[in-house]
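Residue-level structure breakdown
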Amino acid sequence: MQRPVHRVPPQSPIRRAEMAAGLTAELAAVVAGARRRALRDGDRQIDTAHLLHSLVESDPEVGAAFEDASQRARLLGYLVQRSIGYGLRWQGSVEEPGGGHLVRRADLGGGTAEWSPSAAAAMASAFERAASRGEPCARGLDLLAAIAADPGSRAVEVLRRARVDPCALGDRIGALSQQV
């Protein structure tokens, strides 16, 4: 089942102050971790793979969405390789929702560690998921569901390489969300 990808126009990036009000403390820590990871890796934008890495490392609720510990470990292994292996081809480009065309870094405006369009769309979708439940704050599972729903995102590419089916992951997230 294909899930909709929510798009946030590039001209309306999510700002820290606006976002902070809509995050649980756990998800705020995830975002801070993704920002640090992007800056450390020399990336100008936080992308969905940065968010996925931080989610899997630090949010226990997110960890429960995976089949087992070995699947999580395999995924973390691929995420670590991002900065030393295949992820290097992503440097200098922008991640677009749905795996759209990539723009070279030279074409980007200034700023450091802003949001890729795909990551911004995932955050917007996470907020929408929380609001649909009547909750004022998005949780890690909301963001993970949004990330897994974008078939062309970098995070979904990493999930597939780690043999994690994004659709099955989305189904497990849905089941966990019903329990909480």
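Report follows, based on the coordinates. What you see is a predicted model, and the numbers here were worked out from it, not measured in a lab.

1. Quick notes on the pattern of salt bridges
As enumerated under the stated definition, the model contains nine salt bridges in all. In this structure, the salt-bridge partner of Arg-129 is Asp-142, at a minimum N-O distance of 3.3 Å. Here Arg-129, found in helix H6 (residues 117-132), pairs with Asp-142, found in helix H7 (residues 140-148); they are 13 residues apart in sequence, far enough to count as distant. Exposure remark for Arg-129: the relative accessible area of 24% places this residue in the partly exposed category. Take Asp-142: its relative accessible area is 0%, and that puts it in the buried class. One salt-bridge network, held together by shared partners, links Glu-61, Arg-129, Arg-133, Glu-135, Arg-139 and Asp-142.

2. As for the packing of helix H2 (residues 25-40) against helix H3 (residues 48-58)
H3 packs onto H2 with a crossing angle of 130° between their chain directions and a minimal axis gap of 8 Å. Taken together, the axes of H2 and H3 lie oblique to each other. Here the hand of the crossing between H2 and H3 comes out right-handed. Where H2 approaches H3, its residues Leu-27, Ala-29, Val-30, Gly-33, Ala-34, Arg-37 and Ala-38 are matched on the opposing element by His-50, Leu-51, His-53, Ser-54, Leu-55, Glu-57 and Ser-58.

Parameters and conventions
Residues numbered from 1 in each chain as written. Predicted model: local features only at pLDDT ≥ 70, side-chain atom pairs only at ≥ 80, totals over all residues. Heavy atoms only, no water. Salt bridge = Lys/Arg side-chain N within 4 Å of Asp/Glu carboxyl O. Helix = DSSP H or I, 4+ residues; strand = E, 2+ residues; numbered from the N terminus. Buried < 20%, exposed > 50% of the residue type's maximum accessible area, 1.4 Å probe, protein only. Axes fitted to C-alpha atoms, helices over the stretch in contact; angles between N-to-C directions. Parallel < 35°, antiparallel > 145°, perpendicular 65-115°, else oblique. Left-handed = near helix turned anticlockwise from the far one by under 90°. Contact = heavy atoms within 4.5 Å.

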